[in-house]
Structure formats: structure tokens, C-alpha cells
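A closer look at the structure
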Amino acid sequence: MINSIALSLILTPLLMPWAHAAAGKTHVEIPAAYDEIKMFENGREILAKTLVRNSEEEAKIIRDADSKVFKKLGVKSKREVIDKKLSAAYIEEVSKILAVKQLPEAEQEMFRVLDENGEVIRMVSLGETTRLAAASALPNEIGADIDPKAPDNPLLNELVRKWGGAYVELRTQDFLYSNQPETFFVLLKAHFFRKAGSTRGWKVFSKVTFIDSFGTELWVKHFPEGDIVLSIGNSDAPPSISDSGEAVALVTTDSEEGAGGEVLHVYGATGEEIFSYPGKDAGQETPRPSHYKLAANGRYLAYAIWLNNAPPLEPKPGMEVEKEAVFEITRQRSRTIFRDLKDKTSFEANRYLVYGISSDGIADVESYGIDKMTDREKLDLKKFLK
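Anyway, here's the lowdown on the structure attached to this text. None of these values were measured; they are calculated from a predicted model.

Describing the pattern of salt bridges
Tallied over the entire structure, the rule returns 18 salt bridges. A salt bridge links Lys 84 to Glu 80, with the shortest nitrogen-to-oxygen separation between them at 2.8 Å. Accessibility expressed as a relative area gives 46% for Lys 84, which makes it partly exposed. Between Arg 335 and Glu 348 there is a salt bridge, with the nearest N and O atoms lying 3.2 Å from each other. On the criterion of sequence distance, the pair formed by Arg 335 in strand 19 (residues 334-340) and Glu 348 in strand 20 (residues 345-350) is long-range, its members being 13 residues apart. By sharing partners, the salt bridges in this structure join Lys 72, Glu 93 and Lys 96 into a single network.

Right, here's the structure in full:
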């Protein structure tokens, strides 16, 4: 029982001696990971920085690079890149202006749960592993891991029958996220696999585990085959956890290539889904969520959408400057949605970059100007969420 055993969460390098937590104390260590960011203009390096991975500064640089490439390709989002089969062109154009290199870490990171005597009672290696496995092992290796209560997965059994004695390429990813006080954790796991030797046709299963500072699993979510938490391998969409664990926000996608088919989910403290947008069966033209922020107490939520069906831009007198036209299109089509998850009210505003939302509903936002962010302000959401 949780009252009779004190647990400690440790995220430490693999080769370090096991840390010993004091009896009755919890101990969390999460070393930051870093990326080397380089930007280029006309083949010339104009920026080189080392940034904390998943930081707001890094995310903004990546968004700015995406915007430039979208404009050159004549698209508005990564989803449209995928729909128009422009992934190769997108990757090529991004590589001309941006390079992101994950800097090596000294040793492999571990997520560990220790009892009061420092004994390891749970351990998860973080990062990615790839290996060959027998197709016949899939039900045991993946089915039992993703959903121990229902390991007999029909799809896995069908693939075993179809692939017979063949081998599969199995890629497993584990990522850990914590809230600002580092007292609650989201552990993401995904299994990607395909028949060995194949260059396409990845299958994917994923799950989310929500854990408190004692190592207790508060809830687990299993996603159907083909749906993956967008945060896995995508630093632009990390899960958001309220300070006291009241809510967790994350995005799933049904695209095997990354972004596309996004659905924003918000789960409560006991795992109930308290909000989602859009529905699972939403059509291709339905605006998809991005750049979401959750309030410190989990009550307020903000996310951006792009209106695909907005009226076309009508030229205005004197609008010869290209950046003015781009700004006008953005003003018409980009929206930020704010929602009170408790009272189930919402309002739609022009595009904002939302830096954060306090527990009393004050949003730290910045509005978009013609060529840069302007007018950073405090927006009292309570005036609009009625």
C-alpha cells in the first residue's frame, strides 16, 4: 500500500551508481537535453545556438522555418504537405534553412522507481531502440505491453498468420515529460513495426501512462492501431500537465508520417476525457488543433486552428507588398480558441501566440503583426468565457 512504502522517482544515467533516497522522501532528477540549432540564408550560416530541447525558443525557430517553407511550397500546414505528397520537397527545403542536431548525452537516461531502501521496483529505459524480432512474438511483446488486460489483439494475430515465420523490424520509443513542479509525469510508449526488409507500411501502437511522485500509475490510455501521440518524436507538441495533476493535454494523430489528423485530448485526474477536438471521425477539411496551452490549475485551455474554408483574399488598394498579403491571409484564417474546461464555455479570437495561462484565467499572449510578433499583453479570459 502506498502509505506503507515510500517511493522515489529517479531519472539518472544508466551507468551511475543507484541513488539512495532518504526514507519517506521522494527524489526527482531530470537532466535537460540539448539541441544544436543552425539557421541558413542563401547557403550562409546566420545563426548557431545550443538550446534546451522542447524549449519555447527552439519551438519558435522551428515554427518560423516551417512558415517560410510552407510559403515557398504554397501550402498552409504539415497536414497539407502530407495530403499533397510534398514530404520530400518539404524536407529538402527545410534542410536549406534549418539544421537541428540532438547533442549526445553522456549516458542513457533511465526512469526508475525506488522503494524506501533504495531498491529498484520499476525501471524504464528512455529513448529509442530498434531490433529484429520474430513475427510470432508480436502478440506477447506488443499486445501484452500495450494492454495487459487484453493482450490478444486481433490485428497482431492476423499479422502473425500472414507473415508466418518472418522477422519484423521493431522500433520502441519511450519518452518522459513532467509538469513544472516535477511532481507528475507522463510516460509515452510507442511500438513501430513492419516486415523486415520492407521500406514502408509501419504499424504503430502507443499508450500514455500518468504517474505521480510516488511512482503510482494514476491512469493509462491505450490508443488503437494507427493512432500515435504526436509528442513522440515531435518536439513541437509536448504533453501539458497542470501543476497539481488536475489535467493532462496531449495531441494524437492518425498519420504514420507525423502530423495530420490531429485530435487534442484533455484528461482529468482519474483519466476521464474531459475535452477533445475535433471528433475522431472529423473530415479532412476540419481545422486541426496546434500550439496548445493548459492553465496552471488545468481549468483553462488554448489552442490554435487554421480555417481552410475561409473566404479567399480579396486584393485591396495598395496591397502590393507581399508580407501585407500574407498578414491579411493569416488574420482571416488563423484563430485561437480559449476554453473554460470546468464551465464548458469557449470563445474564438484572432491569432495569438499563448505563452501561458495562470490559474485565475489570465493569459500571457502576443498578437501577430505584419512581419513579427507585436503587442504582448495580459488577456483576462474570464471576461469572455461566460
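We are not done yet, so read on.
Comments concerning the sheet that holds strand 19
Taken in spatial order, the four strands make up an open sheet running 17-18-19-20, and their pairing is antiparallel. Single-partner strands in this sheet number two, and they are strand 17 (290-294) and strand 20. Within this sheet the neighbouring strands show an average axis-to-axis angle of 20 degrees, counted without direction. Bridge analysis of strand 18 (residues 300-306) against strand 19 gives seven bridges, and the strand direction is antiparallel.

Focus on the packing of helix 4 (residues 138-146) against helix 5 (residues 154-163)
Helix 5 packs onto helix 4 with a crossing angle of 165 degrees between their chain directions and a minimal axis gap of 10 Å. Between helix 4 and helix 5, the crossing angle belongs to the class labelled roughly antiparallel. Pair helix 4 / helix 5 crosses with right-handed handedness. Contacts from Leu 138, Pro 139, Ile 142 and Gly 143 of helix 4 reach helix 5 at Leu 156, Asn 157, Val 160 and Trp 163. Taken together, the residues of the contact of helix 4 with helix 5 break down into six nonpolar, two polar and no charged.

Cut-off values and rules
- Residues numbered from 1 in each chain as written.
- Predicted model: local features only at pLDDT ≥ 70, side-chain atom pairs only at ≥ 80, totals over all residues.
- Heavy atoms only, no water.
- Salt bridge = Lys/Arg side-chain N within 4 Å of Asp/Glu carboxyl O.
- Buried < 20%, exposed > 50% of the residue type's maximum accessible area, 1.4 Å probe, protein only.
- Helix = DSSP H or I, 4+ residues; strand = E, 2+ residues; numbered from the N terminus.
- Pairing = 2+ DSSP bridges.
- Axes fitted to C-alpha atoms, helices over the stretch in contact; angles between N-to-C directions.
- Parallel < 35°, antiparallel > 145°, perpendicular 65-115°, else oblique.
- Left-handed = near helix turned anticlockwise from the far one by under 90°.
- Contact = heavy atoms within 4.5 Å.
- Nonpolar A, V, L, I, M, F, W, Y, C, P; charged D, E, K, R; others polar.

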